Amino acid sequence: MKRLWAWAALTVGLLYFILPLIGMTNFSLKMRRGEYSFDAYLKVFGDDRFRETFSYSVTLALFTILVGVFLVVPTAYWVRLKLPFLRPYIEFITLLPLVIPAIVVVFGYIRLYNTSSWLPLTGSAFGTDMLLVFGYTVLALPYMYRAVDTGLRTIDVTTLTEAAQSLGAGWFTIIGRIILPNVLIAVLSGAFLTFAIVIGEFTMAALLNRPAFGPYMQLLGANRAYEPAALAVIAFAITWGCLGLIQLVSRLQKSAQRPV
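Computed from a predicted structure; not experimentally measured.

Asker: So what exactly am I meant to see when it comes to the UniProt feature "domain: ABC transmembrane type-1" (unreviewed entry) in the chain here?
Answerer: Feature annotation in UniProt assigns "domain: ABC transmembrane type-1" (unreviewed entry) to the following positions: residues 54-247. Spanning residues 54-247, this segment combines 81% helix with 0% strand, and its end C-alpha atoms are found 24 Å apart.

Asker: What am I meant to see in helix H9 (residues 184-200) here?
Answerer: Given 3.6 residues per helical turn, the α-helix brings residues three or four places apart onto the same face. For H9, built from 17 residues, the straight-helix expectation of 24 Å at 1.5 Å per residue is met to within 8% by its first-to-last C-alpha distance of 24 Å. Residues of H9 that are buried: Ile-185, Ala-186, Val-187, Gly-190, Ala-191, Phe-192, Thr-194, Phe-195, Val-198 and Ile-199.

Asker: When you look at the nonpolar core in this model, what are you seeing that I'm missing?
Answerer: Side chains of nonpolar character tend, in soluble globular proteins, to be buried together. Ranked by internal contacts, the top residues of the largest apolar core, which has 60 residues, are Tyr-77, Leu-132, Tyr-136, Val-148 and Leu-152. Of all the elements, helix H3 (residues 48-81) adds the most residues to this core, at twelve residues. Not counting residues within four places of it along the chain, the set of residues in contact with Val-148 comprises Val-72, Val-73, Ala-76, Ala-186 and Val-187.

Asker: Quick question: what am I supposed to make of unusual backbone geometry here?
Answerer: If a residue is not glycine, its phi is most likely negative; likewise, a peptide bond is most likely trans. One non-glycine residue, Asn-209, adopts positive backbone phi at about 60 degrees. In this structure, Asn-209 sits in the loop between helix H10 (203-207) and helix H11 (213-223).

Asker: Quick question: what am I supposed to make of the packing of aromatic side chains here?
Answerer: Within a pair of aromatic rings, the relevant descriptors are the distance that separates the centres and the angle that separates the planes. Enumeration over the complete set of coordinates arrives at ten aromatic pairs. Centre to centre, the rings of Phe-54 and Phe-213 are 5.3 Å apart; their planes meet at 75 degrees, and the pair counts as edge-to-face. Remark: Phe-213 occurs in helix H11 and Phe-54 occurs in helix H3; sequence separation between them is 159 residues. Owing to a relative accessible area of 21%, Phe-54 belongs among the partly exposed residues under this scheme. Looking at Phe-213, the relative accessible area reads 2%, which means it is buried.

Definitions and cut-offs
- Residues numbered from 1 in each chain as written.
- Predicted model: local features only at pLDDT ≥ 70, side-chain atom pairs only at ≥ 80, totals over all residues.
- Heavy atoms only, no water.
- UniProt positions renumbered as here; feature names shortened; annotations may be inferred.
- Helix = DSSP H or I, 4+ residues; strand = E, 2+ residues; numbered from the N terminus.
- Expected span 1.5 Å × (residues − 1).
- Buried < 20%, exposed > 50% of the residue type's maximum accessible area, 1.4 Å probe, protein only.
- Core = buried A, V, L, I, M, F, W, Y, C linked by side-chain atoms within 4.5 Å.
- Contact = heavy atoms within 4.5 Å.
- Phe/Tyr/Trp six-rings, centres within 6.5 Å; stacked < 30°, edge-to-face > 60°.

And the structure:
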């Protein structure tokens, strides 16, 4: 009976997610009256603004992932190794972006870093891009930290550190060549979530007036009919592609760790 209820819940969940996607895909293919076509997709891919905004958001997503990895991996490692009493406080800090709305964060950035402040980051495109990367890092912090922390739980951090130090390894070598490869799948999970957040984020990019993918999707949805549905299907395909890559890397890593 329990298995029956489990399968029923799984079926309902799949229908809840899959049926709207099927309907949206079907609608996106009906731009040409009376027949199915890929006209909406061709228009989206042929739009210069699509290429510009998507490449811009992908670039910012990559920089956000790098900043998040460099910030979170050493912090989570050090807290687990040397400062376990700080873990509740670190977890509380990383949960704050879930409580504080993004619009509050971005208005704080504008107030602190406007052109008349001591650090006028919003006075240039490069400075605004930096500010946006930092904002995205804050938004993704809860997911990246928990993914990395979960990965660190699966390994013996103390033993690995002591073994590396006995062989003369420094802290950078320990983190970069021992800890990071052992939590690679967790880092990839956090990176995927970060990528998804950056690609779909609207508030920060719109208020900072940057050519990101989120504002483009909103603008297209307000002025077109079939193209927004096609764009949503493309976003779903990218998301599932990232999930597939994570699964592939996970399987390759597990097969590489098997004893011969």
